[in-house]
Amino acid sequence: MSRLVLPESALNGGFPEPPHDGAVRVVDAHHEACGASTRVRLPGSLPTRAVRRFHCAGCAAAFEAAHVEEIEVRMAGDAVLAPEPPPPLPPAPPTEVKSAQPMAMEERAVEALTRAPKRRAVPKLPALSLPKVDPESRSWKLISILAAAVLVVVVLVVLRGGNNQPALPAAAPSSQAHHPSSPAAPAAAAAADQSASKPTKNTKFVQESSFSLAMPSGWQKIDPPAGATFAAVAADGGADATLWITQDPKLDFPTFVSQSLTQLKTLAGSAGIVERVAAPTAEGTIVRLAADAPEGQPTYNVTLRVAGPYRYYLATTVQPDATAEASDGVDLITGSFTPELGQ
């Protein structure tokens, strides 16, 4: 193939102008450095892929174009031909299509039918912890006091013979009822013994701000001795009851019992615990003391209880010649005696 040697023209991308009497191929080369496009006219016989190096029409620098785009082809007489089509892409390798094997499909179907079902996850429930019960807590003490008050109300209703008189409300202890110089600690109510003393329609119910009790028929309320809160005596004088209430929150129940034993021994010459009703709290506990009464001597009994900061000491005396009604009256008083605390 013969090579054309023509004068170089800087205005034609560094290539000489092609002959006017032949075909002319117009191409466009892009200079990446300055962004200018250089349009070049080449002889029609020169393929586009044969040229790569040009002089930039923008910055006049020589550059090698990464891609040369053919614009048009002009024949002699200004006839324009379609640009040279780009070389065809090589055919893609055929994709191998694998047909499913009938045996493999049957095996998968058998596996799906015989597969063991998946076990569903069972959600775990959160662990529950029951609240701990502290017998010394304030809440437990209040519940115990409330339960004891309900029990006493029920006993009082039974003792009254089921009449329609409303239950006596609880009231706060009055300051006059708690003499600081009281010789005894507060008294405790023992469980009522209905078989020993049966109330009649003349039974009176004493409701004070700090305690309540049932006073048998024939008994009379009298002026208490110095420091005491309440006193009553049988009609024939064969028995009596006296209540002392002391406010001393620092005096614990065991110490209170010990001091009461000492006092009863001083009065009667001997004393011992004859009954104890245990409870989770001191408010629910009942302790009863008694002296060893020689024949022909009065019988002394003491009932001890506590409620809040108050200590209750209920002392009863039965003379040796007392009637059965007087003795049963003492049992009714000690059995119905209940400390009362306001809300």
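Please refer to the structure higher up on the page.
Residues numbered from 1 in each chain as written. Predicted model: local features only at pLDDT ≥ 70, side-chain atom pairs only at ≥ 80, totals over all residues. Heavy atoms only, no water.

Engineer: Sorry if this is basic, but what is going on with the overall build of the chain here?
Structural biologist: Helix and strand counts for the chain come out as four helices and 16 strands. Each of the 343 residues in the chain was classed as buried or not, and the buried ones make up 34%. Contacts spanning at least 24 positions in sequence make up 56% of the contacts within the chain whose residues lie at least 6 apart. (Helix = DSSP H or I, 4+ residues; strand = E, 2+ residues; numbered from the N terminus. Buried < 20%, exposed > 50% of the residue type's maximum accessible area, 1.4 Å probe, protein only. Contact = heavy atoms within 4.5 Å.)

Engineer: I keep staring at the environment of Leu11 and nothing clicks. Help me out?
Structural biologist: Position of Leu11 among the secondary structure elements: in the segment before strand E1 (24–30). With 28 residues separating them along the chain, Leu11 and Arg39 place their C-alpha atoms 9.2 Å apart.

Engineer: For this particular structure, what's the right way to read the sheet that holds strand E9 (residues 220–221)?
Structural biologist: Each strand in a sheet pairs with another by means of backbone hydrogen bonds, the pair being arranged parallel or else antiparallel. Strand order in this open sheet of seven strands is E9-E10-E11-E15-E14-E13-E12, and the pairing throughout is antiparallel. The two strands at the open ends of the sheet, each matched to only one other strand, are E9 and strand E12 (272–277). The pairing of E9 with strand E10 (residues 230–233) spans two bridges and is classified as antiparallel. Across the sheet, the residue bridging to Lys221 is Ala232, located in E10. The strands touched by helix H3 (residues 253–268) are E12, strand E13 (286–290), strand E14 (299–307) and strand E15 (310–318); relative to E14, the strand with the most contacts, the crossing angle is about 160 degrees. Helix H4 (residues 324–336) rests against strand E11 (239–247), E13, E14 and E15 of the sheet, and its axis sits at about 170 degrees to E15. (Pairing = 2+ DSSP bridges. Axes fitted to C-alpha atoms, helices over the stretch in contact; angles between N-to-C directions.)

Engineer: In this structure, what is going on with the side chain of Thr334? I would like to understand it.
Structural biologist: Summarising the element assignment, Thr334 is placed in helix H4. A distance of 3.2 Å separates a polar atom in the side chain of Thr334 from the backbone oxygen of Asp331. (Polar contact = N/O pair within 3.5 Å; in protein donor to acceptor, adjacent residues only side chain to side chain.)

Engineer: Would you take a moment to explain the pairing of E13 for this structure?
Structural biologist: Each regular strand displays side chains that alternate between the two surfaces of the sheet. For E13, the buried fraction is high: five of the five residues fall into the buried class. By the alternation rule, side chains of E13 split into Ile286, Arg288 and Ala290 and Val287 and Leu289, which are all buried.

Engineer: In this structure, what is going on with the state of the cysteines? I would like to understand it.
Structural biologist: Throughout this description, disulfide means a covalent bond between two cysteine sulfur atoms. All told, the structure shown has zero disulfides when counted by the stated rule. Just so you know, Cys59 is unpaired, no disulfide at all, and the nearest cysteine sulfur is the one on Cys56, 3.7 Å from it. With a relative accessible area of 37%, Cys59 lands in the partly exposed category. (Disulfide = S-S within 2.5 Å.)

Engineer: Help me understand the packing of aromatic side chains, please; the structure alone is not making it clear to me.
Structural biologist: Think of a pair of aromatic rings as described by two things: how far the centres are apart, and how the planes are tilted against each other in angle. Counted according to the given criterion, the structure contains seven aromatic pairs. Their ring planes at 35 degrees and their centres at 6.1 Å tell us that Phe54 and Phe63 sit as a pair that is tilted. Classification of Phe54 by relative accessible area gives buried; the value is 1%. Judged by relative accessible area, Phe63 falls into the buried class, the value being 5%. Each residue in the set Phe211, Phe230, Tyr312 and Phe337 is aromatic and connected to the rest through ring pairs, giving one cluster. (Phe/Tyr/Trp six-rings, centres within 6.5 Å; stacked < 30°, edge-to-face > 60°.)

Engineer: So what exactly am I meant to see when it comes to the pattern of salt bridges here?
Structural biologist: When their charged atoms lie close together, side chains carrying opposite charge are able to pair. Following the criterion strictly, the structure yields four salt bridges and no others. Ionic pairing is found between Glu70 and Arg25, a salt bridge with its closest N-O pair at 2.2 Å. With Glu70 in strand E5 (residues 68–74) and Arg25 in strand E1, this residue pair connects regions lying 45 residues apart in the sequence. (Salt bridge = Lys/Arg side-chain N within 4 Å of Asp/Glu carboxyl O.)

Engineer: What is the right way to read the sheet that holds strand E7 (residues 204–207) from this model?
Structural biologist: Taken together, three strands build an open sheet; the order of strands is E7-E8-E16 and the sheet is antiparallel. At either margin of the open sheet sits one strand with a lone partner, and together these are E7 and strand E16 (338–339). As paired elements, E7 and strand E8 (residues 211–215) share four bridges and run antiparallel to each other. Each residue of the ladder has a partner; that of Gln207, found in E8, is Ser212.

Engineer: I tried to follow the environment of Ala147 on my own but got confused; where do I start?
Structural biologist: Note on placement: Ala147 falls in helix H2 (residues 138–159). Separated by 137 residues in sequence, Ala147 and Gly284 have C-alpha atoms that sit 8.9 Å apart.

Engineer: Looking at this structure, I do not really get the environment of Ala290. What am I missing?
Structural biologist: Structurally, the position occupied by Ala290 is in strand E13. According to the relative accessible area criterion, Ala290 is buried, its value standing at 12%. Along the chain, Ala290 and Asn301 lie eleven residues apart, while their C-alpha atoms are 4.4 Å from each other.

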